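Listed below, chain by chain, are the residues.
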Amino acid sequence: MASLVRTQSRPPQAQFDELLIWVLIALLALGLVMVYSASIATAEANKFTGYQPAYYLLRHGVFITVGLLAGLFAFQVPVQTWQSYAPYLFLFGAALLVLVLIPHVGREVNGSRRWLSLFVVNLQPSELMKMFAVLYAADYTARKSKVGHLFRKAFVPMLAVMVLIGGLLLQEPDMGAFVVILSIAFCTLWLGGFNLKVFIGLLVALPLAFAALILSSPYRMQRVIGFMDPWSDPYGKGYQLSHALIAFGRGEWLGVGLGGSVEKLFYLPEAHTDFLMAVIAEELGLLGVTAVIAMFALLVVRAFLIGRNAAFLERNFSALVAQGIGVWIGVQAMINIGVNMGVLPTKGLTLPFLSFGGSGVVVNCIAAALLLRVDYENRRITRGLPV
């Protein structure tokens, strides 16, 4: 009788990671507010937007709504189904990367050919490819786990695939997406227990490869030079970074107040996309920047804990998907914040869940739903329930 009373008084176990859900809601909500704050002046002065101050706010709100609906649909799909279709999704993503490079098919903006026009919106294939890379790398690692110690059978096929995808991305050019996808692939292999000695060799070879890529392209070389000393040419190659640093400096501890940014008034290019973090720093100060970094850190930690729980349940693919999503979001956020702070060279990478951009927001929401699905299945299996 006493045991029955204890069982009845025990609170029901949650079916979802509530803390993770609240972090995701907070990131999307903060992004909506800051995109509006960063873009209002640009929208008011732009003929393309019809001089409507809420133009980017409304579009970003639509993107978030579509992303949440897509995420809700993705959550209904079992992880096993995602694994079954992982190779085909990866091939589909590669086909889109080829398609975007075809003249008069891919849309060119600011010298980069990264978008496919869908009439109402533009699709950025590299954003989809990040998620497809997570799925493919997890499936590949799970299948090759028994030969993970063999370089020829384990690493060479993945390396060949990544070289192919990297070549397509560099043709756009989209060096930032290439770095993120490469990080996803190799971190997934390492988390899957592949040979440590080979990874040490890759740690030596990759910096040399990146140095060769930089030296072979005057465009990339200028970005590195501008990153190292933006004040040497503040009106040229160092323009974006110098104004981003000014925004950080003006923000100080608590910021100048929401809506009070000066740098967003036509000084800082791409204030509502790539350099949204600089506007957050100026308006919300160090406190706001710390809060954003803490939320991303918490998201990544939760992703790795979900992956660890899946690994304990011998769900290797699910574990690698969860941790791959954590690597993806963590690396992309780190690069974007590093670029805004002048720690890394300028890259065309948005801040996940926050920056304006339809493809990025929708794909981020789908990835978050997939992460929640892994956690949901973990909890049901632990209770002995079907998934």
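That block above? That's the structure.
Just so it is clear, the model here is predicted, and its values are computed rather than measured. (Residues numbered from 1 in each chain as written. Predicted model: local features only at pLDDT ≥ 70, side-chain atom pairs only at ≥ 80, totals over all residues. Heavy atoms only, no water.)

**Q** Help me understand the overall build of the protein chain, please; the structure alone is not making it clear to me.
**A** Counting its regular elements, the protein chain contains 13 helices and 3 strands. Here the contacts in the protein chain between residues at least 6 apart in sequence split such that 70% fall between residues at least 24 apart. Surface summary for the protein chain: the accessible area is close to 18,500 Å², and the carbon and sulfur share equals 68%. (Helix = DSSP H or I, 4+ residues; strand = E, 2+ residues; numbered from the N terminus. Contact = heavy atoms within 4.5 Å. Areas by Shrake-Rupley, 256 points an atom, 1.4 Å probe, with all protein chains shown as cover.)

**Q** I would appreciate a short explanation of the nonpolar core in the present structure.
**A** If you look at soluble globular proteins, the nonpolar side chains tend to sit buried side by side. If you look at the biggest cluster of nonpolar residues, it comprises 108 residues, and the most contacted ones within it are Phe296, Trp328, Phe353 and Leu354. If we ignore the near neighbours within four places in the chain, the residues touching Phe296 are Leu27, Ile329, Ala333, Leu351, Pro352, Phe353 and Leu354. (Core = buried A, V, L, I, M, F, W, Y, C linked by side-chain atoms within 4.5 Å. Buried < 20%, exposed > 50% of the residue type's maximum accessible area, 1.4 Å probe, protein only.)

**Q** Please explain the pattern of salt bridges as it appears in this structure.
**A** Two side chains bearing opposite charge may form a pair once their charged atoms approach each other closely. In total, this model carries 8 salt bridges according to the counting rule given. In this structure, the salt-bridge partner of Asp17 is Arg302, at a minimum N-O distance of 2.8 Å. Taken as a pair, Asp17 in the loop between α1 (2–9) and α2 (18–45) and Arg302 in helix α11 (residues 276–312) lie far apart in primary sequence, 285 residues in all. The class for Asp17 is buried, based on a relative accessible area of 3%. A relative accessible area of 22% means that Arg302 is categorised as partly exposed. Sharing partners across several salt bridges, the network here consists of Arg315, Arg373 and Glu377. (Salt bridge = Lys/Arg side-chain N within 4 Å of Asp/Glu carboxyl O.)

**Q** Help me understand helix α13 (residues 358–382), please; the structure alone is not making it clear to me.
**A** For an α-helix, 3.6 residues make a turn, and residues three or four places apart therefore share a direction. Over its 25 residues, α13 extends 36 Å from the first C-alpha to the last, a length consistent with the 36 Å expected when each residue adds 1.5 Å. Of all 25 residues in α13, 22 are buried, a share of seventy percent or more. At the exit of α13 stands Gly384, carrying a positive phi of roughly 80°. (Expected span 1.5 Å × (residues − 1).)

**Q** Would you mind going over the side chain of Gln323 with me for this structure?
**A** Mapped onto the fold, Gln323 is located in helix α12 (residues 316–341). Accessibility expressed as a relative area gives 11% for Gln323, which makes it buried. Here Gln323 is in contact with Leu191, Ala303, Phe304, Gly307 and Arg308, once residues within four sequence places are set aside.

**Q** Would you mind showing me how to read the sheet that holds strand β2 (residues 112–117) here?
**A** Two strands in a sheet stick together by hydrogen bonds in their backbones, pointing the same way (parallel) or opposite ways (antiparallel). Ordered by their spatial adjacency, 3 strands build an open sheet running β1-β2-β3, and the pairing between neighbours is antiparallel. For this open sheet the edge positions go to β1 (106–109) and β3 (122–123), each flanked by a neighbour on one side alone. The pairing of β1 with β2 spans 4 bridges and is antiparallel. Residue Gly106 lies in a different strand from β2, and its bridge partner there is Leu116. (Pairing = 2+ DSSP bridges.)

**Q** I would appreciate a short explanation of a nonpolar patch on the surface in the present structure.
**A** A surface patch of nonpolar side chains, about 460 Å² in accessible area, is lined by Leu118, Phe119, Val120 and Val121. By the secondary structure assignment, Phe119 is in the loop between β2 and β3. (Patch = residues over 30% accessible without salt bridge, like charges linked within 9 Å, V, L, I, M, F, W, Y side chains within 5 Å.)

**Q** Would you explain the packing of aromatic side chains in this entry?
**A** In this description, an aromatic ring pair is defined by two values, namely the gap between the centres and the angle between the planes. Evaluated as defined, the whole model comprises 10 aromatic pairs. Here the aromatic cluster, defined as three or more aromatic residues joined through ring pairs, consists of Tyr55, Tyr56, Phe63 and Phe356. The side chain of Arg373 reaches across the aromatic face of Phe75, ending 5.7 Å from its centre. (Phe/Tyr/Trp six-rings, centres within 6.5 Å; stacked < 30°, edge-to-face > 60°. Lys NZ or Arg CZ within 6 Å of the ring centre and 35° of its normal.)

**Q** Whenever I open this one, the pairing of β2 confuses me. Can you help?
**A** Consecutive residues of a regular strand have side chains that alternate between opposite faces of the sheet. With 5 of 6 residues buried, β2 lies mostly within the body of the structure. For β2 and β3, the ladder comprises 2 bridges, and the chain directions are antiparallel. In the strand pairing of β3, Ser117 is matched with Asn122. Here β2 hands over to β3 after 4 residues, with Phe119 in that stretch at a positive phi of 70°.

The values are spatial; any link to function lies outside them.
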